[in-house]
Amino acid sequence: SRALDLGELKKCCAMCRLNLSEKEVATLLSHFDRDGNGKVQFDEFLLALRGKMNSARRSLVRTVFNKLDEAGDGNGYLTVDDLKD
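For clarity, every value in this text was computed on a predicted model and none was experimentally measured. Every chain is numbered on its own, with residues counted from 1 as its sequence reads. Thresholds applied to this predicted model are a pLDDT of at least 70 for local features of residues and 80 or more for the giving and counting of side-chain atom pairs; totals over whole chains, interfaces and linings are not thresholded and use all residues. Working from all heavy atoms in the structure, the side-chain values ignore hydrogens and water.

Engineer: Teacher, can you tell me more about the overall build of the chain here?
Structural biologist: Secondary structure counts use DSSP, requiring at least four H or I residues in a row for a helix and at least two E residues in a row for a strand, with both numbered from the N terminus. Looking only at helices and strands, one finds 5 helices and 2 strands in the chain. When the helices and strands of the chain are listed from N to C terminus, the series reads β-α-α-β-α-α-α. Since a compact globule built from 85 residues should have a radius of gyration of about 12 Å, the 19 Å found for the chain marks it as more spread out than a globular shape. Each of the three principal axes of the chain carries a C-alpha extent, and together these read 55 × 30 × 25 Å. Each residue is placed in one exposure class: buried if its accessible area under a 1.4 Å probe, protein chains only, is under 20% of its type's maximum, exposed if it is over 50%, and partly exposed if it falls in between. Residue burial in the chain is summarised as follows: out of 85 residues, 15% are buried. Within the chain, contacts between residues separated by at least 24 positions form 23% of all contacts whose residues are at least 6 apart in sequence. Here the Shrake-Rupley method, with its probe set to 1.4 Å, supplies the accessible areas, and only the displayed protein chains count as covering residues. Of the roughly 6,800 Å² of accessible surface on the chain, a fraction of 56% belongs to carbon and sulfur atoms. Only four residue types enter the tally: Lys and Arg on the positive side, Asp and Glu on the negative side, with His and both chain ends excluded. Lysine's charge is taken at NZ, arginine's at CZ, aspartate's at CG and glutamate's at CD. For the chain, the distance from the average position of its 14 positive side-chain charges to the average position of its 14 negative side-chain charges is 7 Å. We compute the radius of gyration over the C-alpha atoms and compare it with the globule rule, which gives 2.2 Å times the number of residues raised to the power 0.38. Any pair of residues with heavy atoms lying within 4.5 Å of one another is described as a contacting pair.

Engineer: Just checking my understanding: could you explain the pattern of salt bridges for this structure?
Structural biologist: Where charged atoms of side chains with opposite charge meet at close range, the side chains can pair. One side-chain nitrogen of Lys or Arg within 4 Å of one carboxyl oxygen of Asp or Glu is enough to make a salt bridge. Using the criterion set out here, one finds 1 salt bridge in the structure. Between Glu22 and Lys10 there is a salt bridge, with its nearest N and O atoms 2.7 Å apart. One end of the pair, Glu22, is in helix α2 (residues 22–32); the other, Lys10, is in helix α1 (residues 6–15), with 12 residues separating them in the sequence. According to the relative accessible area criterion, Glu22 is partly exposed, its value standing at 42%.

Engineer: Where do I start with α2 in this structure?
Structural biologist: One turn of the α-helix equals 3.6 residues, which is why residues spaced by three or four share an orientation. Along α2, the residues that are buried comprise Val25, Leu29 and Phe32. Angularly, the buried residues of α2 cover 65° about the axis, an arc narrow enough to put them on a single face. Exposed residues on α2 whose side chains face more than 90 degrees from its buried face are Lys23 and Ser30. Along its buried surface, α2 packs onto β1 (3–4), α1, β2 (40–41) and α3 (42–50). Think of it as the arc spanned by the lines of direction from the helix axis to the C-beta atoms.

In structure tokens form, the structure reads like this:
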């Protein structure tokens, strides 16, 4: 289902030998569960691990994006054609 409920997350924590209490696993689930459905979807998990981009990382991404866009049509959007030689 590409999502973990509380029991599945608890099992994963145990498999990773984290030895967390039921309350700690529930806290972890609530941290990951952005939409409040009681499950951790894969994208929620990645977002929680990756976190927000700091200014240096955002600047690097913007620089790379702009270079790729300049190589294409320079319209502010990247398309497959922009990325071709």
